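Single-letter residue listing:
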Amino acid sequence: MGSTPVEYMIEASSGAHFSGFHMDGMQALNSLAGQATTSVNESVHKQPFIIGVAGGAASGKTTVCDMIIEQLHDQRVVLVNQDSFYHSLTTEELTRVHEYNFDHPDAFDNEKLLLAVVMLKQGKTVDIPKYDFRSYKNVVSRRVNPSDVIILEGILIFHDPRVRAMMNMKIFVDTDADVRLARRIRRDTGEKGRDIGMVLDQYSKFVKPAFDDFILPTKKYADIIIPRGGDNHVAIDLIVQHIRTKLGQHDLCKIYPNLYVIHSTFQIRGMHTLIRDAQTTKHDFIFYADRLIRLVVEHGLGHLPFTEKQVVTPTGSVYTGVDFCKRLCGVSVIRSGESMENALRACCKGIKIGKILIHREGDNGQQLIYEKLPQDISDRHVLLLDPILGTGNSAVQAISLLLKKGVPEANIIFLNLISAPQGVHVVCKRFPRIKIVTSEIETGLNQEFRVLPGMGEFGDRYFGTDDE
Ligand SMILES: Nc1ncnc2c1ncn2[C@@H]1O[C@H](COP(=O)(O)OP(=O)(O)O)[C@@H](O)[C@H]1O
Ligand SMILES: Nc1ccn([C@@H]2O[C@H](COP(=O)(O)O)[C@@H](O)[C@H]2O)c(=O)n1
Ligand SMILES: [Mg+2]
């Protein structure tokens, strides 16, 4: 697998945190440092979803993994077993194999495992050794191709914090010790052709103590603990559902839990196709932009807090519902943001709407020119309106002003029609508690800081101030 230092590989992979947008991630950092330079990354690669499955020996890990793989039949899934990374025994060790502790973390080549996971995470092909339980050696290797889902399975797969950190989901299979022992005896005497006395000796000398000392302490890292292993169909269904949702999500949503991209449908794609088309008439542009804006606004309102409310229906029955949040207001970033005001007014009768004007000089120098905000804005939830999030520089100015006015960061919902990854990184990193709701994530920015593929100057097209 070459001799590239693992630390370097991890660093590159933790571009993983800018998943799918490695270069753009770096550029976002530059932007953060006030030097917004961005271009479209041509070598975008989608990050795989990495699942770790740990648990005692014979707890049912492989069985659970097989069931997940079967249910994810339409995805590219690869299973990597920690067993593959057992050190081959030397001739000396082979003569005293009954004294060898296969359940200790040192029994594995942890660096090799780490490197393999880093490479798979980066979408690279990797050769994984195959371990033979009868000869106690790595005999051959198999080629593993990049996949959408990578499942890492093994008794101590949560042991190394570097491997753990690369996992998107951690599962611990929790099976009673007696059941594990009974299964182990059956498996080792059958499949591995071992003597029952040897199996029991190994269990009391190494397997049980190592479970208590090394495996059980990693249970705390699990996101999901599955009792009854493969018999727990509900847990497996839920896990598969979650993986499917995550795979369908934009990679940025995996990094920033407060970024919400509205669920795409062919209607939504169709509307985007129309408003992005340079040939679309002004009338159609406004019509379809309004439809999309309305969807974003409705989705954004769904993130406001609510209180439970009961009403009596005309049939005399009690309906338990919710009451809308009353303390809210809109703030539009002039001029494009004003295009979103109608949709907000249509959803929230009589809502107060403030305004902010930020002057753009190039795209580095941003200057706040004008603001008119409700006096009691600090007591309100704020829907900040701007159809396009590009570099994130104007957004940072606008949000900073709201914070200065006393609006809690968590009370701000930033509504966009389209958002560039660079802007998302900048805003989400600087203001991790605000929510961004958008209808599509763009590819990137061009040299002039224009969003790509974008839809041109939104304000000009919407308000009819472009040349035509
Ligand atoms: N729910 C179950 N009921 C009965 N036998 C099971 C169950 N789950 C696993 N087994 C059996 O127990 C043994 C160990 O299961 P496996 O999934 O290989 O565990 P692990 O990968 O954790 O070592 C296998 O022989 C398997 O067929
Ligand atoms: N040569 C070996 C290598 C490992 N073991 C045992 O396998 C167990 C881990 O495998 P699971 O599929 O059960 O996770 C572990 O308890 C080792 O003791 C072995 O017996 N011989
Ligand atoms: Mg197994």
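Residues numbered from 1 in each chain as written. Chains lettered and ligands numbered in written order. Predicted model: local features only at pLDDT ≥ 70, side-chain atom pairs only at ≥ 80, totals over all residues. Heavy atoms only, no water.

Trainee: I'd like to hear about the confidence of the model for the chain, residue by residue, with values.
Mentor: Segments scoring low in pLDDT should not have their predicted coordinates read at a detailed level. For the chain, mean pLDDT is 88; residues scoring 70 or higher make up 88% of the total. Contacts for the low-pLDDT stretch residues 10–44, under 50 throughout, to residues beyond four places or in other chains number 76 contacts. Reported confidence for the predicted complex is 0.96 by ipTM and 0.62 by pTM. (pLDDT = per-residue confidence, 0-100. Contact = heavy atoms within 4.5 Å.)

Trainee: With reference to specific residues and values, describe the sheet that holds strand β15 (residues 388–389).
Mentor: Taken in spatial order, the three strands make up an open sheet running β15-β17-β19, and their pairing is parallel. Where the open sheet ends on each side, the last strands, each with one partner, are β15 and β19 (440–441). Inspection of the sheet shows strand β17 (residues 418–419) paired to β19 by two bridges, in the parallel sense. The residue bridging I418 from the neighbouring strand is E440, located in β19. (Pairing = 2+ DSSP bridges. Helix = DSSP H or I, 4+ residues; strand = E, 2+ residues; numbered from the N terminus.)

Trainee: Let's hear about the sheet that holds strand β5 (residues 149–153): which residues, and what values?
Mentor: One open sheet accounts for five strands, arranged β2-β5-β1-β6-β7; its pairing is parallel. Where the open sheet ends on each side, the last strands, each with one partner, are β2 (77–81) and β7 (224–227). Neighbouring strand axes in the sheet, compared pairwise and without regard to direction, differ in orientation by 20 degrees on average. Looking at chain direction, strand β1 (residues 49–55) and β5 are connected through five bridges and run parallel. Looking across to β5, one finds that F49 is bridged to V149. (Axes fitted to C-alpha atoms, helices over the stretch in contact; angles between N-to-C directions.)

Trainee: Any chance you could break down unusual backbone geometry for me, citing the residues and the numbers?
Mentor: With an omega of 10 degrees, the peptide bond between I334 and R335 qualifies as cis. You can see R335 is positioned in the loop between β11 (328–334) and α13 (341–347). With an omega of -5 degrees, the peptide bond between L452 and P453 qualifies as cis. The backbone phi angle of A58 is positive, close to 65 degrees, even though this residue is not glycine. Structurally, the position occupied by A58 is in the loop between β1 and α3 (61–71). Residue classification places A58 among the buried positions, given a relative accessible area of 11%. Even without being a glycine, Y136 presents a positive backbone phi close to 60 degrees. Within the element layout of this structure, Y136 appears in the loop between β3 (126–132) and β4 (137–144). (Buried < 20%, exposed > 50% of the residue type's maximum accessible area, 1.4 Å probe, protein only.)

Trainee: Tell me about the site of ligand 1, and name the residues and values.
Mentor: Around ligand 1, a shell composed of G56, A57, A58, S59, G60, K61, T62, T63, E153, R183, R187 and D231 is seen. At 2.9 Å, a backbone N or O of A58 approaches an oxygen atom of ligand 1. D231 places a polar side-chain atom, nitrogen or oxygen, 3.2 Å from a nitrogen atom of ligand 1. Protein chains shield 68% of the accessible area of ligand 1, which is 550 Å² for the free molecule. The set of elements that each furnish at least two residues to the shell around ligand 1 consists of α3 and α7 (177–190). A per-element tally of the shell around ligand 1 places α3 first, with three residues. (Near = heavy atom within 4 Å. Polar contact = N/O pair within 3.5 Å; in protein donor to acceptor, adjacent residues only side chain to side chain. Areas by Shrake-Rupley, 256 points an atom, 1.4 Å probe, with all protein chains shown as cover.)

Trainee: Kindly report on the pairing of strand β16 (residues 412–415), identifying the contributing residues and their values.
Mentor: The side-chain alternation of β16 yields two buried faces, one formed by I412 and F414 and the other by I413 and L415. Pairing of strand β14 (residues 381–385) with β16 involves four bridges; the strand directions are parallel. Residue pairing for β16: V382 is matched across the bridge by I412. Where β16 lies against strand β18 (residues 435–438), three bridges are found, and the strand directions are parallel. Each bridged residue has a counterpart across the sheet, and for F414 the counterpart in β18 is I436.

Trainee: Talk me through the site of ligand 2; I want residue IDs and the actual numbers.
Mentor: Around ligand 2 sit 16 residues, and of these K61, D103, R184, R187 and R194 come closest. One of the backbone N or O atoms of A58 is found 3.3 Å from an oxygen atom in ligand 2. Taking Q202, its side chain carries an N or O atom lying 3.2 Å from an oxygen atom of ligand 2. About the coverage of ligand 2: the protein hides 98% of its 470 Å² of free accessible area.

Trainee: Describe the packing of aromatic side chains, listing the residues and the values that go with them.
Mentor: This structure, assessed with the given rule, holds 10 aromatic pairs. Relative to Y462, the ring of F458 has its centre 5.7 Å away and its plane inclined at 15 degrees; by these criteria the two rings are stacked. Of this pair, F458 and Y462 both sit in helix α16 (residues 458–463), four residues apart, roughly one helical turn. Stacked on the ring of Y221, the Lys or Arg R164 has its end atom at 3.5 Å from the ring centre. Cation over ring: R180 sits above F211, and NZ or CZ is 3.9 Å from the ring centre. (Phe/Tyr/Trp six-rings, centres within 6.5 Å; stacked < 30°, edge-to-face > 60°. Lys NZ or Arg CZ within 6 Å of the ring centre and 35° of its normal.)

Trainee: Quick rundown of the packing of α7 against helix α8 (residues 196–215)? Include the residues and the values.
Mentor: Two elements in contact, α7 and α8, have axes separated by 11 Å at closest approach and are oriented at 140 degrees. Relative to α8, the element α7 lies oblique. The handedness of the crossing between α7 and α8 is right-handed. Contact residues: A177, R180, L181, R184, I185, D188 and T189 in α7; I196, V199, L200, Q202, Y203, V207 and F211 in α8. Taken together, the residues of the contact of α7 with α8 break down into nine nonpolar, two polar and three charged. (Parallel < 35°, antiparallel > 145°, perpendicular 65-115°, else oblique. Left-handed = near helix turned anticlockwise from the far one by under 90°. Nonpolar A, V, L, I, M, F, W, Y, C, P; charged D, E, K, R; others polar.)

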